[in-house]
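Below are the chains, spelled out letter by letter.
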Amino acid sequence: MAKITYDGQSFSLDHRRIWLVSGAIHYPRIARGLWRDRIRAAKQAGLNCIETYAFWNAHEPEPGRFDFTGNLDVRRFVEIVAEEGMFCIFRPGPYICAEWDNGGLPAWLHRVKKDRRSGTMKIREGNGPFLSAASRYLTAVMGQVADLQITSPIGRGRPAAHPTVNAPGEAAGGFVGQGGGPILMVQVENEWFSHNDEQDEQYHQQLIRLLREAGADVPLNVCNQLWQEVDGTIHTWNGSAHLAADLRQLRTVQPDKPRLMTEYWPGWFDAWGSKHANTVDADKHLYRLASILAAGAQYNVFMFHGGTNFEFWGGRTVGSPATFMTTSYDYDAPLLEAGGRAQKYATTKRMSTFASQFGSVFSHLDPARHPAVIDPREDDHPLSVVHLAGQRGGVVFLLKDAKDRTQRTALLLPNGLSLPVPLGSQRAAWLLLDARLGATATLDFTNLSPLAWVDEQLLVLFGPANAEGIVSLDGAQVEMKVPAGKTPRTEQVNGITLLVLNTEMADASYAFAGGWVVGSAGLDQDGEPQPLKGWPTQTRVAPDGRVTKYKTTTIRKPVTPKLGPWRHADTRELLDGSAPSYRPIDGPESFDKLGNDRGYGWIHLDLPKAALKNTASKVLAPEAADRLHFYVDGKFRQLLGNAPGATDFAPAAFRIGSPMTVLVDNLGRFNYGQRVGETKGLASHLYAVTPLKLPKPERVGQPSPDPFAVHGYVSHQRRGSVHPAEGLVWTVKPSGRQPVVFDLDHFPADAVLKINGEPTAVWHHHESGAFQRFLLDPADDGPFSGGQNRIELALFDPLPPDIDPLRHVGLYQATTNLTAKAKWSFSPWTGPPASDAFADPAPPARAKSKPLDRPAWYRTAFTVSSTRCPLFFYPKGMSKGQLYLNGRNLGRYFIQTRDRQPVPPQLLYYLPEPWLNTDEANELTVFDEHGFPPTNARLAYEELGPFH
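Residues numbered from 1 in each chain as written. Predicted model: local features only at pLDDT ≥ 70, side-chain atom pairs only at ≥ 80, totals over all residues. Heavy atoms only, no water.

### Section: the overall build of the chain
Line of reasoning, step 1. On a plain count of helices and strands, the chain comes out with 13 helices and 61 strands.
Line of reasoning, step 2. Its C-alpha radius of gyration of 30 Å places the chain within 12% of the 30 Å reference for a compact globule of 948 residues.
Line of reasoning, step 3. Each of the three principal axes of the chain carries a C-alpha extent, and together these read 100 × 70 × 55 Å.
Line of reasoning, step 4. A buried classification covers 61% of the 948 residues belonging to the chain.
Line of reasoning, step 5. Taking as baseline every contact in the chain between residues at least 6 positions apart, the subset at least 24 positions apart corresponds to 74%.
Line of reasoning, step 6. Of the side chains in the chain, 98 bear a positive and 99 a negative charge, and the two mean positions are spaced by 5 Å. (Helix = DSSP H or I, 4+ residues; strand = E, 2+ residues; numbered from the N terminus. Rg over C-alpha atoms; globule rule 2.2 N^0.38 Å. Buried < 20%, exposed > 50% of the residue type's maximum accessible area, 1.4 Å probe, protein only. Contact = heavy atoms within 4.5 Å. Lys, Arg positive; Asp, Glu negative; His and termini not counted. Charge placed at Lys NZ, Arg CZ, Asp CG, Glu CD.)

Structure, rendered in structure tokens:
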């Protein structure tokens, strides 16, 4: 049984210091057959650790029913990490964020009934219903991997199975550590950016107890940017910029624990209707990795490989009313969605190979040694030099501003020697001083950047082409010019082979069983170097200095397969309400309560003629999400809701009719911020409304409100922080006891919404999706009445005088409940219909033709003979919908709106290689919301994926 400990610099495994160089890979976002390939790509990039979340809502689709099979076999994923000789950081939640639907929390939590003793369900808080559900989940997921912790006895075998859990697989083998598996740290919750000591006791400490009882016995960490102190844990950090300063401050606050970037963001996610997020280029990425190491910290690249939001798992995040995740979770990560390796992979490999190969130097650095340096801000700073030292030697980082064109400088060493340092064009360079190379030698100094130390014999260094290199080993100094071109240089010094590369060679080189190879695209499944385009010759260098050259030929891209004829299946029975899948419901209800947790749902309404006589021109669905497609007598009438192509927020001018069917689209729940746990579907009646002109509010000076009167968790608020503020107050009386609707639209200040003095909701202007609507109905049990009502926004800080609050609030008076006497029925949306439903040929695509204006299914077939190059589907000419390959739901697609306005950024949709047939035809099925024909759609081979 191994023992894992830590101090102010690093973790130790049985008193042997280790240095984590980690990357995030999420198993549900990758076809299971590709798990090993992606993990090996991380290892080839120099990483020695894989971090992953576990996904509660995927693993427990219904209370007590667990799924750990197929793409959800978390145990097998961790076993592969072990078999590849890597560590693992495990983050089971229960909340995870991850741009995943509902932040990983199950939608069925809304269906948990109120308990007389333990109260009402409140997510991410210490209350009985939530902790009871979380306990069941944490017990199940830890039951899958508890014996795969590094502290577990070797050969412990299967964990005790949870009564409702599928039997886990066999124990992992091949891990190079000394324990039963690779997991060396488990995270508690995630990004709990709030301060409430009461919830620390009632929530965090209870989660710690649950994890320990479930078998977690490795160190625990929390990642909440120090908002909440959590005893018994290591605080880690998330971020992308200003990392050197932040991590130094973390050391000051937490001097006896290692500094770790749980999430260093090398890119960002994409949302429908926005440009591709490629704000971090390869040079800036290298600079930021260097900044982390220069603070004496370890990192986890989040994401190293993003993968794909299959099915309906993509979430929604804050910042605008319609920030919904694309199907590609490419993340502009080093390893692209389909496994491609672009320039950011190369810079990741440069820095990560150095950090892991010389981890002994980093793990033995003096954690208290952080001399004053020129602040390496993101931009606009002189050259910054950071020198760290410890028992196994020192490391020097030279960090350049983005506009700095300095090609060389000189470093004054502690012994008085002036060392010329070639910088070249890259923004970060690094050197080692007095570094112990295992038990073999000491690297006194070098002006080149070390890359690897292989088999105690081979020292790999690189620098700008044609630079004058200097290396001193055990007092023996050699000078050599860094080669240009594609042929490396070797030197022998005191029995050690020096392999000197230029930057281009470094990016095209890998460690392999035979030593080091230059001119390779990576290693294949047998560990052999693969050919690299533009490098007809590979140079392989053995640790003893023997050089072998191989002629290579890159494999040509295969011929793109053609799609066969398309067939069409209609949805008329669902539109006219005659489908047998419909069942009566009492009235409007959220998808969550109807058990329709993901994707679409159908609502059919039979309205009495009397209701239709009073139809107004302005119709509002106050509690609906996210997109409502209205059909009257089977004909398209209106699209209300979120995302491009829909009428947003304001009441729509259209006349309802009977019979009426609504296709309701759930585009993904908030994965972050105060509104995690939102409901979806059509949860309220339809109303005819009249906008009301609000007067200027009464401004009342008062102390800042207590946000925790509403929730135990309130994002970015501190309990007990009271200071002078103000309230904005309106007096409202509903007409005829009908509801009123109160809107907040980009309101620019944080506030608590109070109705007649009762705190009702918290508005966070950065985290509330920029828009929030409140239905205030005197017929409900809430504080809103049929008489005079006081609506107050209790602000945390006074509103600046130049801001007019009336520009950010709205009020509507309902005049008629249009669906109060309707007969309601509901049908779940299911996957593709049976094959015999696809009877008709798909209509031809014409640029000026009208769409079917009703949802439709399409199906085709195609064949492939090889899966060596990533294949993508381009639904050209279609609108928005779902895509299936051989029965597997690949996720949403969104190409254009009903009126043919393009919707960026994603055009290509990945068809994972393990899900393709090479011995029989493949079946491709598409659901298009507007019935746009697929006859212009095509397949495409793209090595670098949809955005590169």
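### Observations regarding the pattern of salt bridges
Line of reasoning, step 1. Per the counting criterion, the structure on display carries 42 salt bridges.
Line of reasoning, step 2. For Asp-73, the salt bridge is made with Arg-32, and the minimal N-O distance between the two is 3.0 Å. Here Asp-73 is found in the loop between α2 (56-59) and α3 (74-83), whereas its partner Arg-32 is found in the loop between β4 (21-25) and α1 (35-44), with 41 residues between them in sequence.
Line of reasoning, step 3. For Asp-73, a relative accessible area of 13% puts it in the buried group.
Line of reasoning, step 4. Using a relative accessible area of 33% as the deciding quantity, one classes Arg-32 as partly exposed.
Line of reasoning, step 5. The closest approach of N and O atoms between Asp-332 and Lys-344, which form a salt bridge, is 2.8 Å. Here Lys-344 lies in helix α8 (residues 343-357) and Asp-332 lies in the loop between β14 (323-324) and α8, a separation of 12 residues in the sequence.
Line of reasoning, step 6. Taken together, the salt bridges that share partners define one network made up of Arg-36, Arg-40, Arg-75, Arg-76, Glu-79, Glu-83, Glu-84 and Asp-147. (Salt bridge = Lys/Arg side-chain N within 4 Å of Asp/Glu carboxyl O.)

### Considering the packing of aromatic side chains
Line of reasoning, step 1. On inspection of all chains with the given rule, the structure shows 46 aromatic pairs.
Line of reasoning, step 2. Aromatic side chains Trp-19 and Phe-362 sit 5.4 Å apart centroid to centroid with 20 degrees between the ring planes, which places their arrangement in the stacked category. Of this pair, Trp-19 sits in the loop between β3 (16-18) and β4 while Phe-362 sits in helix α9 (residues 359-363), and the two are 343 residues apart along the sequence. With respect to burial, Trp-19 and Phe-362 carry one shared label: buried.
Line of reasoning, step 3. Between Trp-566 and Phe-873, the aromatic rings sit 6.4 Å apart at their centres with planes inclined by 45 degrees, giving tilted as the arrangement. Remark: Phe-873 occurs in strand β56 (residues 871-874) and Trp-566 occurs in the loop between β33 (547-551) and β34 (567-569); sequence separation between them is 307 residues. Each member of the pair Trp-566 and Phe-873 is classed as buried. (Phe/Tyr/Trp six-rings, centres within 6.5 Å; stacked < 30°, edge-to-face > 60°.)

### Focus: the layout of surface pockets
Line of reasoning, step 1. Roughly 1700 Å³ of volume is contained in the second largest pocket.
Line of reasoning, step 2. Along the walls of the second largest pocket sit 45 residues, with Gly-339, Ala-521, Gln-530, Arg-868 and Glu-943 positioned nearest its centre.
Line of reasoning, step 3. Among the secondary structure elements, those contributing two or more residues to the lining of the second largest pocket are α1, α8, α10 (503-507), β30 (520-523) and β31 (529-531).
Line of reasoning, step 4. The biggest single contributor to the lining of the second largest pocket is α1, with 6 residues. (1 Å grid on protein atoms, 1.4 Å probe; cavity = no way out; pocket = protein on both sides within 12 Å on 5 of 7 lines; lining within 4 Å. Points joined across faces, edges and corners; volume = space filled by probe spheres on them.)

### Things to note about the nonpolar core
Line of reasoning, step 1. One finds Tyr-299, Met-351, Phe-397, Leu-459, Leu-501 and Trp-516 to be the most contacted residues of the largest nonpolar core, which totals 204 residues.
Line of reasoning, step 2. In terms of residue count, the dominant contributor to this core is helix α4 (residues 128-145) (10 residues).
Line of reasoning, step 3. Phe-654, Val-662, Ala-688 and Ala-822 belong to the second largest nonpolar core, which has 25 residues in total. (Core = buried A, V, L, I, M, F, W, Y, C linked by side-chain atoms within 4.5 Å.)

### A short note on the pairing of strand β48 (residues 751-755)
Line of reasoning, step 1. Of all the 5 residues making up β48, 5 are buried; the element is thus mostly covered by neighbouring parts of the structure.
Line of reasoning, step 2. Of the two faces of β48, the one holding Ala-751, Leu-753 and Ile-755 and the one holding Val-752 and Lys-754 are both buried throughout.
Line of reasoning, step 3. Bridge analysis of β48 against strand β51 (residues 789-795) gives 5 bridges, and the strand direction is antiparallel. Bridging across to β51, Leu-753 finds its partner in Leu-793.
Line of reasoning, step 4. The loop that links β48 with its antiparallel partner strand β49 (residues 758-763) comprises 2 residues; one of these, Asn-756, has a positive phi angle of about 50 degrees. (Pairing = 2+ DSSP bridges.)

### Topic: helix α5 (residues 197-213)
Line of reasoning, step 1. Taking 1.5 Å per residue, 17 residues should reach 24 Å; α5 reaches 23 Å between its end C-alpha atoms and fits that length.
Line of reasoning, step 2. Residues of α5 that are buried include every one of Gln-199, Asp-200, Tyr-203, His-204, Leu-207, Ile-208, Leu-210 and Leu-211, and no others.
Line of reasoning, step 3. On its buried face, α5 sits against α4, β7 (183-187) and β8 (220-222).
Line of reasoning, step 4. Two residues or fewer past α5, Gly-215 is found with a positive phi of approximately 115 degrees. (Expected span 1.5 Å × (residues − 1).)

### As for the pairing of strand β23 (residues 458-463)
Line of reasoning, step 1. Along β23, 6 of the 6 residues are buried, which leaves the element largely enclosed by surrounding structure.
Line of reasoning, step 2. With burial as the criterion, each face of β23 is covered, one bearing Leu-458, Val-460 and Phe-462 and the other bearing Leu-459, Leu-461 and Gly-463.
Line of reasoning, step 3. The pairing of strand β22 (residues 449-454) with β23 spans 5 bridges and is classified as antiparallel. Counted as the bridge partner of Pro-450 is Leu-461 from β23.
Line of reasoning, step 4. From the end of β22 to the start of β23, which pair antiparallel, there are 3 residues, and Asp-455 there has a positive phi angle of about 55 degrees.

### Let's talk about unusual backbone geometry
Line of reasoning, step 1. In the segment running from Gly-93 into Pro-94, the intervening peptide bond is cis, with an omega of 15 degrees.
Line of reasoning, step 2. With an omega of 5 degrees, the peptide bond between Pro-904 and Pro-905 qualifies as cis.
Line of reasoning, step 3. The residue Pro-905 is located in the loop between β58 (888-894) and β59 (909-911) in this model.
Line of reasoning, step 4. Of note, His-242 is a non-glycine position whose phi angle comes to about 55 degrees, a positive value.
Line of reasoning, step 5. With respect to the helices and strands, the residue His-242 is situated in the loop between β10 (237-239) and α6 (243-253).
Line of reasoning, step 6. Not every positive phi belongs to a glycine, and Asp-633 is a case in point at roughly 55 degrees.
Line of reasoning, step 7. Tracing the backbone shows Asp-633 in the loop between β39 (627-632) and β40 (635-641).
Line of reasoning, step 8. Asp-633 gets classed as exposed once you look at its relative accessible area, which sits at 55%.

### Remarks on the confidence of the model for the chain
Line of reasoning, step 1. Across the chain, the average pLDDT comes to 93, with 96% of residues at 70 or higher.
Line of reasoning, step 2. Contacts from residues 156-176, a stretch scored under 50 in pLDDT, to residues over four places away or in other chains number 56 contacts. (pLDDT = per-residue confidence, 0-100.)

### Some remarks on the packing of helix α7 (residues 282-294) against α8
Line of reasoning, step 1. Where α7 meets α8, the closest approach of the two axes is 8 Å, and the angle between their N-to-C directions is 20 degrees. Classified by the angle their axes make, α7 and α8 are roughly parallel. Crossing of α7 against α8: the hand is right-handed. Across the interface between the two elements, Ala-282, His-285, Leu-286, Leu-289, Ala-290 and Leu-293 from α7 touch Gln-343, Lys-344, Thr-347, Thr-348, Arg-350, Met-351 and Ala-355 from α8.
Line of reasoning, step 2. Taken together, the residues of the contact of α7 with α8 sort by class into 7 nonpolar, 4 polar and 2 charged. (Axes fitted to C-alpha atoms, helices over the stretch in contact; angles between N-to-C directions. Parallel < 35°, antiparallel > 145°, perpendicular 65-115°, else oblique. Left-handed = near helix turned anticlockwise from the far one by under 90°. Nonpolar A, V, L, I, M, F, W, Y, C, P; charged D, E, K, R; others polar.)

### Quick word on the environment of Glu-189
Line of reasoning, step 1. Among the secondary structure elements, Glu-189 is positioned in the loop between β7 and α5.
Line of reasoning, step 2. Assessed through its relative accessible area of 1%, Glu-189 is described here as buried.
Line of reasoning, step 3. Along the primary structure Glu-189 and Pro-92 are separated by 97 residues, whereas in three dimensions their C-alpha atoms are 7.4 Å apart.
Line of reasoning, step 4. When sequence neighbours within four positions are dropped, the list of residues in contact with Glu-189 reads Gly-93, Pro-94, Tyr-95, Arg-124, Tyr-203 and Leu-207.
Line of reasoning, step 5. Polar side-chain contacts of Glu-189 include one of 2.8 Å to the side chain of Arg-124.
Line of reasoning, step 6. A polar side-chain atom of Glu-189 sits 2.9 Å from a polar atom in the side chain of Tyr-203. (Polar contact = N/O pair within 3.5 Å; in protein donor to acceptor, adjacent residues only side chain to side chain.)

### Observations regarding the sheet that holds strand β61 (residues 938-941)
Line of reasoning, step 1. Read across the open sheet, the 3 strands follow the order β59-β56-β61; overall the sheet is antiparallel. With one partner strand each, in any of the chains shown, β59 and β61 form the two edges of the open sheet. Within the sheet, the average angular offset between the axes of one strand and its neighbour, ignoring direction, is 40 degrees.

### A look at the sheet that holds β3
Line of reasoning, step 1. In spatial order, the strands read β1-β2-β3; together these 3 strands make up an open sheet with antiparallel pairing. Since the sheet does not close on itself, it has two edges, and those belong to β1 (4-6) and β3, each with one partner. Direction aside, neighbouring strands of the sheet carry axes that sit 40 degrees apart on average.
Line of reasoning, step 2. Both β1 and strand β2 (residues 11-13) contribute to a ladder of 3 bridges, which runs antiparallel. Considered in β2, the bridge of Ile-4 is made with Leu-13.

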